[in-house]
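# Tertiary structure, described
Each chain is listed here by its residues.
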Amino acid sequence: MASFIEEFKFVFIEGKRYAYIMNGLKVTIGVSLAAVLVGVALGLLLAIMKMTEVRKGKKTVLSVFAGIYIDVIRGTPSVLQLLIMYFLVFKSQMGIAAAVLSFGINSSAYVAEIIRAGIMAVDNGQMEAGRSLGLSYGLTMRYIIIPQAIKNILPALGNEFILLIKETSILGYIAIYDLTKAANYITTRTYRLFLPLIGSAVIYYAITKLLSMLMARLERRLRESDRR
Amino acid sequence: MIDVRGLKKSFGNLEVLKGVDTHVEKGECVCIIGPSGSGKSTFLRCLNLLEEPTGGDIVIDGERVLVKDCNIDGLRLKVGMVFQHFNLFPHLTILDNLILAPVKLKLMTEDEAKEKAMQLLERVGVADKADCYPAMLSGGQKQRVAIARALTLSPKIMLFDEPTSALDPEMVGEVLEVMKQLAKDGMTMLVVTHEMGFAREAADRVLFIDEGIIAEEGTPEELFSSPKRERTKSFLSKVL
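Next up on the list: the overall build of chain A. A count of helices and strands for chain A gives nine helices and zero strands. Secondary structure elements in chain A, listed N-terminal to C-terminal, are α-α-α-α-α-α-α-α-α. For chain A, the C-alpha radius of gyration of 22 Å lies well beyond 17 Å, the compact-globule estimate for 228 residues. Taken along the three principal axes of its C-alpha coordinates, chain A extends 75 × 50 × 20 Å. By residue count, 43% of the 228 residues in chain A fall in the buried class. As presented, chain A carries roughly 12500 Å² of accessible surface, and 67% of it is formed by carbon and sulfur atoms. Between the centroid of the 26 positive side chains of chain A and the centroid of its 14 negative side chains there is a distance of 5 Å.

Right, let's talk about the environment of Glu217(B) for a bit. Residue and element names in this part refer to chain B. Position of glutamate 217 relative to the elements: it lies in strand β10 (residues 213-218). For glutamate 217, a relative accessible area of 37% corresponds to the partly exposed category. Sequence spacing of glutamate 217 and threonine 22 is 195 residues, and the spatial spacing of their C-alpha atoms is 9.7 Å. Setting aside residues up to four positions removed in sequence, glutamate 217 forms contacts with Thr22, Arg205, Val206, Leu207 and Leu223.

Turning our attention to helix α3 (residues 61-74) of chain A. All names here are of chain A. Over its 14 residues, α3 runs 20 Å from end to end, which matches the ideal 20 Å to within 8%, given 1.5 Å per residue. Restricting attention to buried positions, one finds in α3 the residues Ser63, Ala66, Tyr69, Ile70 and Ile73. Down the axis of α3, the sector holding all buried residues measures 125°, keeping them to one side. Facing away from the buried surface of α3 by more than 90 degrees, the exposed residues are Val61, Phe65, Ile68 and Asp71. Those residues of α3 that are buried are in contact with α2 (18-56), α4 (78-89) and α5 (95-120).

Our next topic: the pairing of strand β6 (residues 79-82) of chain B. All names here are of chain B. Side chains Val79 and Met81 of β6 all project onto a buried face; the interleaved residues Gly80 and Val82 project onto the opposite face, where all are buried too. Judged from the four bridges that link them, β6 and strand β7 (residues 157-161) form a sheet pairing that is parallel. Bridging from a neighbouring strand, glycine 80 pairs with methionine 158 of β7.

This part covers the sheet that holds β10(B). All names here are of chain B. As summarised here, the arrangement of the six strands in space is β6-β7-β8-β3-β9-β10, forming an open sheet in which the pairing is mixed. Every other strand in the sheet has two partners, leaving β6 and β10 as the edge strands with one partner each. Put simply, the sheet's adjacent strands are angled 20° from each other on average, direction ignored. Summarising the sheet, β7 and strand β8 (residues 188-192) pair through five bridges and their orientation is parallel. Paired with phenylalanine 160 across the bridge in β8 is valine 191.

Residue and element names in this part refer to chain B. For isoleucine 2, the position within the fold is in strand β1 (residues 2-11). Overall, isoleucine 2 belongs to the buried group, its relative accessible area being 2%. Along the sequence, isoleucine 2 and alanine 150 sit 148 residues apart, while their C-alpha atoms lie 18 Å from each other. Apart from the residues within four sequence positions on either side, isoleucine 2 is in contact with Thr22, His23, Val24, Leu47, Val59, Ile60, Ile157 and Leu190.

Membership of the largest hydrophobic core comes to 53 residues, with the highest contact counts inside it found for Ile33(B), Leu121(B), Ile147(B), Met158(B), Phe160(B), Met179(B) and Met189(B). No other element matches helix α6 (residues 169-184) of chain B, which puts eight residues into this core. Not counting residues up to four positions away in its chain, the partners in contact with Ile33(B) are Lys40(B), Thr193(B), Met196(B), Val206(B), Leu207(B), Phe208(B), Ile209(B), Leu223(B), Phe224(B), Phe235(B) and Leu236(B). In terms of nonpolar packing, the next biggest core, distinct from the first, is built from 52 residues, Val111(A), Met127(A), Leu133(A) and Ile157(B) among them.

Residues and elements named next belong to chain A. Where nonpolar side chains cluster on the molecular surface, the patch consists of Met1, Phe4, Ile5, Phe8, Ile13, Tyr18 and Met22 and spans about 710 Å² of accessible area. Counting only elements with at least two residues in the nonpolar patch, the list comes to α1 (2-13) and α2. When residues of the nonpolar patch are assigned to their parent elements, the largest contribution, four residues, is made by α1. Mapped onto the secondary structure, phenylalanine 8 falls in helix α1. Overall, phenylalanine 8 belongs to the partly exposed group, its relative accessible area being 36%.

Attention now moves to the confidence of the model for chain B. Across chain B, pLDDT averages 93, with 100% of residues at or above 70. The ipTM, which scores confidence in the relative placement of chains, is 0.91 for this predicted complex, and the corresponding pTM is 0.83.

Rules behind the numbers
- Residues numbered from 1 in each chain as written.
- Chains lettered and ligands numbered in written order.
- Predicted model: local features only at pLDDT ≥ 70, side-chain atom pairs only at ≥ 80, totals over all residues.
- Heavy atoms only, no water.
- Helix = DSSP H or I, 4+ residues; strand = E, 2+ residues; numbered from the N terminus.
- Rg over C-alpha atoms; globule rule 2.2 N^0.38 Å.
- Buried < 20%, exposed > 50% of the residue type's maximum accessible area, 1.4 Å probe, protein only.
- Areas by Shrake-Rupley, 256 points an atom, 1.4 Å probe, with all protein chains shown as cover.
- Lys, Arg positive; Asp, Glu negative; His and termini not counted.
- Charge placed at Lys NZ, Arg CZ, Asp CG, Glu CD.
- Contact = heavy atoms within 4.5 Å.
- Expected span 1.5 Å × (residues − 1).
- Arc of directions from axis to C-beta.
- Pairing = 2+ DSSP bridges.
- Axes fitted to C-alpha atoms, helices over the stretch in contact; angles between N-to-C directions.
- Core = buried A, V, L, I, M, F, W, Y, C linked by side-chain atoms within 4.5 Å.
- Patch = residues over 30% accessible without salt bridge, like charges linked within 9 Å, V, L, I, M, F, W, Y side chains within 5 Å.
- Salt bridge = Lys/Arg side-chain N within 4 Å of Asp/Glu carboxyl O.
- pLDDT = per-residue confidence, 0-100.

Structure below.
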C-alpha cells in the first residue's frame, strides 16, 4: 500500500504532472461538449432535410443530399475524418476548431438518424389526427409530434454524447493534448505504464457513468407522464 | 352539402376507388358498408384529403376541394373526423386534447375553448375525466373524447372511420349512443361501419361499396330487407 502511494505521488504529483491530466480532461470535455452542440444542430438540419421525403412521398434534392452525407460520414473512420479536416481543410492550423468541426460533423450523421427515427416512431395516426383538426403540418409537428418524439430521442442522444466523449480520445492524432494524450505523455516521462493508463481509463469511466446515470434519471422522469 | 363525382384513387398500380358518385344532403346520416379492402375508408379519407384523390371532383359546402388554391386546413375545420384507433394525443390531458386546435389556430381564446370543451365533454359523458391523460381512459371513453375533440371546431360534417371496430363489445353501445344523438341533432354524418344495427337504426341512407364503386345504395329498409344485387345479398348474409 505504501509503495502504491509512493508510486502515485511519483507519477502524478511530482513535477505537477496531474496538471497534464486536468488540462487534458478540460480539452476532452470541452471538445466533446462543443462537438455535441454542432452535432445536434447539424443533425437536426439533416433530419429535417431527410424527412422532406416522407412529406412529399418521393425523394427530394434535400433528402438525397442528406442521405449521401450520412452515408459517407458513417462509412468512413472518424480518425481519417479528423486527419482530413485538420491537415487538408484547416492546413494544420487551429487544431481545436478542426477537431470540434470534425467530431460535430461525424456526430451529426448519427444524430440525424436518431432524430428521424424518433419522429418516425410516433404513430402516423397522430399526424392524421392533427391535420384533420385543421392544424398545418408545422403546427402538428410542433405541438403533437415533437413532444412525443423527444421521449424517443433524448435517451439515444445521451448515448451518442457518451460515445462522442470516448471518440475524442483520438485527438492525439492531430497533436492535441486531451486526456488520453496526457496519460500517454506521462507514461513516456515516467516510464510507468500502469497508473497513467488505468488512471485515465477510470476518469473516462467516471464521466460516462455519471452521464448514463443522469440519462437514466431523465428517462424515468419522461416516462412518468405515460403512466399517470 | 357534399357532392362527389367520379372519384378515383390509386395507390401505385392498385386502383382502390374506381369512380364514386354520390351526394349527401345537409343533416343526412349516411352509413357506408362493404367488405374489407373495398375502399370504404379510402373514400372517407378522400373527403377531408387525408388521401389525395387521383381523379374526379369533390364539392363540400359549395367549395371545390380538388383545385390547387383550395385551403385544405380551412376545409378540415368544416369536416371533423373520428378514427378507428381514436388517435388522442397521449401527452396531453383530455381537456388539452380538445382545446389544442382551436387555441393554436387562434379561433378561440383559451377560456372560450375550455368552456366549450367542458360542454362537449359533458355532452358525451366524460366531463369528470377532463384532467386525466388518455392512457387512463377505457376505449369507449377515448372514442367519446375523440368525438368531442372533433366537435370543438363546430364542423358542418363529421366523418367516422370504423369508430367502434377497436372497442371491446361492451363499449360499442356507449359510442353508438353518442353518434345517434349527434345524428338526431342534425349533424351531417358519414359513417364507415360494420355495425349493421346502427346503420339500420340511425342511417338515412346506406351505401354498399364493393371493389371501389358504390355497388348499391338506398334507405336502410331497402338495402337490408330487399337488396337487389347478388353481391349485396351475399355480403349481407354474411354479416347479418
